[in-house]
Amino acid sequence: MSKKRITAVVVAICLLAFGFFAVEAQAIDLGDILKVGGIAFLVSQYDDQLDSFITSALGERDAAAKGATKVVPILSLGGGGYVGAAQVVGNPENVARVKAVIQVEGRFGSGRAQLLVPTTTDKATGSPDRAKGVGISAVIEFRI
Amino acid sequence: MQRRLRVPIIVALALFSVLAIAAAFSSAEVSFRSAERDGSRVAEVLIGDRIVIVLRTTAAGYTPLERAEIIANRLRASMPEDVNAEDVQVASIESGQGLYVSDQLIVAIYEPEADAHKATPRALAELWRDNVLAALGYEAASPTGAEPAAPAAAEGEEAEEGAEAEPATEAMPSESPEATTESKEFDWTGTAQKWVPIFSVERAGLRLGMAQVAGPPVQVDQVKGVYQLRLDFKSIGRVYAYVPVSTISTKIDRVQGVSVWALADIEVLGF
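Residues numbered from 1 in each chain as written. Chains lettered and ligands numbered in written order. Predicted model: local features only at pLDDT ≥ 70, side-chain atom pairs only at ≥ 80, totals over all residues.

Caption draft 1: Local environment of the overall build of chain A. Tallying secondary structure elements over chain A gives two helices and five strands in all. Counting across all 144 residues of chain A, residues that qualify as buried make up 33%. Taking as baseline every contact in chain A between residues at least 6 positions apart, the subset at least 24 positions apart corresponds to 55%. (Helix = DSSP H or I, 4+ residues; strand = E, 2+ residues; numbered from the N terminus. Buried ≥ 20, exposed ≤ 12 C-beta atoms within 10 Å, placed from the backbone. Contact = placed C-beta atoms within 7 Å.)

Caption draft 2: Summary view of the pairing of strand β6 (residues 104-109) of chain B. Residue and element names in this part refer to chain B. Two strands pair when backbone bridges link them, and strand β5 (residues 96-101) and β6 are joined in this way by five bridges, in the antiparallel orientation. Across the sheet, Leu99 pairs through a bridge with Val107, a residue of β6. Connecting β5 to the next strand, β6, in antiparallel fashion are two residues, including Ser102 with a positive phi near 50°. (Pairing = 2+ DSSP bridges.)

Caption draft 3: Quick look at the sheet that holds β6(B). Residues and elements named next belong to chain B. Spatial strand order, β4-β5-β6: three strands in an open sheet with antiparallel pairing. In this open sheet, the two strands that pair with only one neighbour each are β4 (88-93) and β6. Neighbouring strand axes in the sheet, compared pairwise and without regard to direction, differ in orientation by 30° on average. The sheet contacts of helix α2 (residues 64-78) involve β5 and β6, and relative to β6 the element is tilted by about 155°. (Axes fitted to C-alpha atoms, helices over the stretch in contact; angles between N-to-C directions.)

Caption draft 4: Main features of the confidence of the model for chain A. Per-residue confidence for chain A averages 77 on the pLDDT scale, and 72% of its residues sit at or above 70. A low-confidence stretch, residues 14-28 of chain A (pLDDT under 50), is modelled with zero contacts involving residues beyond four sequence positions or located in other chains. (pLDDT = per-residue confidence, 0-100.)

Caption draft 5: How the structure looks around helix α4 (residues 121-135) of chain B. Residues and elements named next belong to chain B. In a regular helix each residue adds 1.5 Å, so 15 residues correspond to 21 Å; α4 covers 21 Å between its end C-alpha atoms and thus fits that length. Among the 15 residues that make up α4, 15 are buried, leaving the element largely enclosed by the rest of the structure. Note on α4: the residue one or two positions beyond its end, Gly137, has a positive phi of about 95°. (Expected span 1.5 Å × (residues − 1).)

Caption draft 6: Region of the structure containing unusual backbone geometry. With a phi close to 55°, Asp62(A) is a non-glycine residue in the positive phi region. On the neighbour-count criterion, Asp62(A) (10 C-beta atoms within 10 Å) is exposed. Even without glycine at this site, Lys234(B) takes up a positive phi of about 50°. Summarising the element assignment, Lys234(B) is placed in the loop between β9 (225-233) and β10 (237-245).

Pasting the structure below:
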C-alpha cells in the first residue's frame, strides 16, 4: 500500500471517529438539557404538592417534623444542573430563605457519599453557603 | 332513719373516693420530652399533662433526655399496681436521695442535679415526690425529716425549683398553658453532628447506608439511626424521606430538631 493510501485511510478513520464522538457528545448534552429542564419544570410545578405529600405521609406514621418545611431543587455542584428536589426542614425564618440544596457527590470504591447543603442562592458555583438551622428531610428523584 | 342512712352514705363516699383515685391513677399517662428552660435544654417527665420531674444534668453518661426516658419507663412499670400515697417515698441512698414508688427506685438524686435546681438532694426528692403525688390525685405530703428546705427560688426561677414551699398543685409549671401543650417549634440550629446508620431494605441489592445528622446536642445524642422511608409521588417521582429516630424498631420514634446533612452508602451485594 502506498504512503498516500495509508494517510487517506488514517484521516478517514480519524474523521469518522471525530464525527461519531461529536454526535455522541451532542446526544448526551441534549439529553441532559432536557432532563435538567424537565426537573426544573417539575419542581416548580409540584413543589407545594410534594411538600404536603411528604408531610402528610410522615404524619400518618407519627413521624412528621415539627418545623417549617419546603421543597426546593437540588443543584449539582460543578455541573450546576438540577438533579432532583429535596424537602428541607428547620426554623420557619431560616427555611423561608432557602432557595436550593447543593449536592456534592463523591465516590470511594463501591461506596458513594452525598453532601446536601441547603443554601440561600440558586447557583451551584464556588463553595456552597449553608443556610443555618436547616437540614434535609427528604430527597426526591424524578423519573425522566 | 338518719343512722340507717349514714352508714351507706359513708361507705358510698369512701368507695367513690377510692374509685376516683384509681381512675385518676389509671388514666395517668407517663411521658417525657425535651424542653428549654433558662436558655438551656432540659428533659421533663410528665404524668398526664403535669410535669413531675425536670432533669437538667447528665448522670452516669446518660443525657437528661435519656434519664427522663428511663424514669418514665420505671414510672410506667409501677403504674399497673395500686399505689397508695404512702408508697411514694423518699429515702436516703448512698451519696444521695432516692424517689421510690412501691419500693421501686424511680430516680436517684445526687448533688449535681440538686445544685442545678439550687436545692439539696433531699429537698429536690421531696419536691418530685409531691409532684408525683399531686399528679396521681393525692395531696402533697408534708416535708419530712430534718433536712433544710431548699432556698427560695430566685427571681425569675421556674416554679418547679421553689415549689416545695407551696402546695405542689399551685406551683406546678404544668399550670401554665405553654407547659401543657407540646412545643410546636423545635430548635433546629444546633451544632452537634454524628454519623448513624440508615435503616432501609428497599433499594435493589444490599447497601449499608450512613447519614450524618445535625442539631442541638441533646437531641443529636438521642439519635440511634435514620429511618429511610420510600414513597411514590404520582408517577413522576420517588421520595426518600429521612427520619432521625431514637429507637431501632418498627415504630418510628422521630427525634425532633435533628435533620440530615449528608448521606453515604456502600454497595455490599448487588442483585
